[in-house]
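In case you want the letters, here they are:
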Amino acid sequence: LRDLLALVTLGACAAARPGGELAVSLLPDNVEGDGLWIVGTAWPIAAQTPAEAFQLPTGIHKWQAKSGCVFDNAPEGGPFTLLVVNFGACDDSSLYEHLRDKLGETQVDGWGVVLPSDSADAHALHLANFETGEPPDFPGTVITVSKNLGDKLKAMSADKLDKAKLNVTRVTQEVTLDTPVHASTVQGHTSTFLYRHAGARAETDRSVTISITPTFGDPDLYVSTCATAEQCLPLAYYDLVERSPGDDVMVVPMVPSKPLVAIVVEAADTTEYTMLLSTASSIVPLEPGDQPRRPAVPRRYEAGADEYRYFSVRFPAAAHDQPLHFAVTPLTGDPDLYLAASSQDTPVRPDKTDSTWSSAEQEGQPQHRYEHLTVATSDRGRCSGSGCTYYLSVQADHAPSTFSVVAWAGDTAVQLVEGGRQAGELPAGGTRYYVAHVAGSHSDLSIVADMASGAARLYARVGKKAGPQPEEHSWSSDTGSDLGIEIRHDDAEFCTNCEIHVAVACEAACSYTLVSGANQTVAVLEDGAPAREEVSPGSYEYFKLYLSEKTVDVEVVLTVFSGNPDIYATVDGANPRPTRGNFQWSSEDAASDVLLIDHRDELLTGCQLEQDTCVLYIGVYGQDDEAVSSFSLLASAYPVSSAFHVALPTAIEGDYDSYPADFGPALPRSPLTGALVQAEPKHACSELTNAAALSGKIVLVQRGPRDDSACPLPHAYF
């Protein structure tokens, strides 16, 4: 019921989306090409089904833009379709206004304007959709076409163009469950997909998870469910939206009366991404990469308390003599990883009772914060051959969990999703490899390793595997427990639309999380793990924390090493980069900052009700006017009414409200069970008389008087 109410609420405040990818053909010659929708006074294809087409006005006239973006008068007798043959004469901000004003002089609506792009994907920088206003004040329709089609149009004679017209159809791609879709979308535009929830899976799986993992850029997700394709497309209004910077994960509730899902991916920044639809029963295929050509791709998913999510991976033939690696990065909760291999056609779902390999903690074994499994080449549990498949199960142990999962072989690099965290564990002398894609913008790139244990060093260079030798890297970090590389946009070796290869080399056994991002990137925080960063004077660094549990107290601790950073936070998804002028909570102490959000806060509870996973966005501002501020940021979500459970005696069995202390270590992620013993004296403010009886037990201490002089806190016993 809550999901249905959320659908109704979101649908009521929905808004029209901008236009997207087009198939364009010249009639009657059937010369075809790709296009992008730019702007129109209304959606000419909004009333059509996806299979039908909209035609720009008959008669194509070449139209010249002179220096300063000055156009001749539009041809008389219009509306016609105007082919702007040199729109590069206009700068980014002036073309729309010049076109609008010049065509407005005709007092005729319905003009068509075609911009031949210099790009194969029809990208035109001059007219991003979101710069034209809603609704746009334009007397017609503007599209761009690919360079290939544009060159053909410009080469045609005037007589031929005078009799021609352009046929425009929105491109819609049908997608299926458990099949990765690789796509790209230009900034300000959209790509449209359609999914049909049918068959046996539809009878058992009542929700569909949409996962989008960008190689670069920022895809946003808009979704609507409907009964027929005619109702779904084009998607003028949406039921659900996910606009969190970085990767997106959305759970779509399904009902039998609306089996179709319309999916629109809008590019806040030009983006290349992989989209995959799955259900709770899916065995999601992972992409292990193919060293050295393609990196392994991590995927972010969510699981409810004690629930499993299932994955599979087939390694390339070259991996038969290489160790196989499997890693889960916990962003919230405590996920466990179970693994099995099979050459049979029947899928396998390993679990805590039946698996070949497991990352779950075993009695007497050391604790590991991250879930890593390595299958050695000599391991007898390995399988081989073209039918060999490895099956992974990730269980959210005791509490909901948000995590990413990835598999790779040997020295294959792992893709770094912008702002996402990737955990690693290495023995002394070990090295692991990663790839970060740099988009087509001139923004500084930072690569930071937050060390959970041990010491390491980072190496990076463009286009090739990095390493410790001088010829193997262009940039490197200092050795230590907190390290990073900052690659400035004015560095001689900085590049755009390229790949930066990164190596993490551990001198001693180490564990860490690695994150990369450009300016304005919103970096993911791991619940309960500190992240060390810097912020320039008058600038912001941005972060986000997933809140997997529904009732939590949130604590954000900013420990200052230098300068004067301040915290601003929000759960408003429309404002993922809070600032001093736009926030819901803040802490502006001159020294270190602590931000506490009570689980009863109306803004927090509203977000928890409306979203499957509420996200807390954090902005850290460099208040110091002269110096860079260095800090560590620790964000934690503490479940309420779950930290203290009485098992016996049965007369008082149940959960009790509890709150963590402001001092001491964080509560363990896995439940700690034991007998309860009263301290003597009860307030524990003097020497304990029953210390031996307390060993290995949970101790009950009754807080003494509030006067700290009588009972100083925190006391040594804590």
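Bear in mind the structure is a predicted one, so any value in this text is a computation, not a measurement.

(A) Summary view of a nonpolar patch on the surface. Among the surface-exposed residues, Phe644, Ile652, Tyr656, Leu676 and Leu700 lie close enough to one another that they form a single nonpolar patch of about 420 Å² accessible area. Turning to its location among the elements, tyrosine 656 is positioned in strand E46 (residues 654-656).

(B) Focus on the sheet that holds strand E20 (residues 308-313). If you walk across this open sheet you meet the five strands as E18-E20-E25-E22-E23, and the pairing is mixed. The outermost strands of the open sheet, each flanked by one partner alone, are strand E18 (283-285) and strand E23 (357-358). Relative to strand E25 (residues 389-396), strand E22 (residues 335-342) runs antiparallel, the two sharing eight bridges. Residue alanine 341 lies in a different strand from E25, and its bridge partner there is tyrosine 390.

(C) Up close: unusual backbone geometry. Here the residue pair glycine 78 and proline 79 is connected by a cis peptide bond, since its omega of 20° sits within 30 degrees of zero. Relative to the helices and strands, proline 79 resides in the loop between strand E6 (70-71) and strand E7 (81-84). Of the consecutive residues leucine 648 and proline 649, the connecting peptide bond is found in the cis state with omega at 0°. Along the chain, the position of proline 649 falls in the loop between strand E45 (644-646) and E46. Of note in the backbone geometry, glutamine 107 takes a positive phi value of approximately 55° without being a glycine. Mapping glutamine 107 onto the fold places it in the loop between helix H2 (95-104) and strand E8 (111-116). When its relative accessible area of 76% is taken as the criterion, glutamine 107 is described as exposed. Despite not being glycine, aspartate 178 has its phi angle at roughly 65°, a positive value.

(D) Here's a closer look at the nonpolar core. Tyr434, Ile447, Leu458, Ile487, Ile500, Tyr512 and Leu514 are the most contacted members of the largest nonpolar core, which has 31 residues in total. For this core, the secondary structure elements donating two or more residues are strand E26 (401-409), strand E27 (414-416), strand E29 (431-438), strand E30 (445-453), strand E31 (456-462), strand E33 (482-487), strand E34 (498-506) and strand E35 (510-518). Take this core: its biggest share by element is five residues, from E34. By size, the runner-up hydrophobic cluster in this structure holds 29 residues, among which are Ala531, Leu545, Ile567 and Trp585.

(E) A look at the pattern of salt bridges. In the structure shown here, the tally under the stated rule is 14 salt bridges. A salt bridge links arginine 201 to aspartate 205; the shortest N-O distance between them is 3.1 Å. With a relative accessible area of 8%, aspartate 205 lands in the buried category. Here lysine 682 and glutamate 680 are joined by a salt bridge, their closest N and O atoms 3.9 Å apart.

(F) Structural view of the state of the cysteines. Counted according to the given criterion, the structure contains four disulfides. Here cysteine 495 pairs with cysteine 498 through a disulfide, and the sulfurs are 1.7 Å apart. With the S-S dihedral at roughly 70°, the linkage between cysteine 495 and cysteine 498 falls on the right-handed side. For the pair shown, cysteine 495 and cysteine 498 are each scored as buried. Between cysteine 607 and cysteine 614 runs a disulfide, and the two sulfur atoms are separated by 2.0 Å. Between cysteine 607 and cysteine 614 the sulfur-sulfur dihedral comes to about 115°; the bridge is accordingly right-handed. The class of cysteine 607 is buried, set by a relative accessible area of 7%.

(G) Main features of the confidence of the model for the protein chain. Averaged over all residues, the pLDDT of the protein chain equals 83, while 85% of them reach at least 70. Taken together, the stretch residues 42-51 has pLDDT below 50 and engages in 24 contacts with residues farther than four places along the chain or on a different chain. Here residues 128-133 scores under 50 on pLDDT; set against residues more than four positions off or in separate chains, the count is twelve contacts.

The rules behind these values
- Residues numbered from 1 in each chain as written.
- Predicted model: local features only at pLDDT ≥ 70, side-chain atom pairs only at ≥ 80, totals over all residues.
- Heavy atoms only, no water.
- Patch = residues over 30% accessible without salt bridge, like charges linked within 9 Å, V, L, I, M, F, W, Y side chains within 5 Å.
- Areas by Shrake-Rupley, 256 points an atom, 1.4 Å probe, with all protein chains shown as cover.
- Salt bridge = Lys/Arg side-chain N within 4 Å of Asp/Glu carboxyl O.
- Helix = DSSP H or I, 4+ residues; strand = E, 2+ residues; numbered from the N terminus.
- Pairing = 2+ DSSP bridges.
- Buried < 20%, exposed > 50% of the residue type's maximum accessible area, 1.4 Å probe, protein only.
- Core = buried A, V, L, I, M, F, W, Y, C linked by side-chain atoms within 4.5 Å.
- Disulfide = S-S within 2.5 Å.
- pLDDT = per-residue confidence, 0-100.
- Contact = heavy atoms within 4.5 Å.

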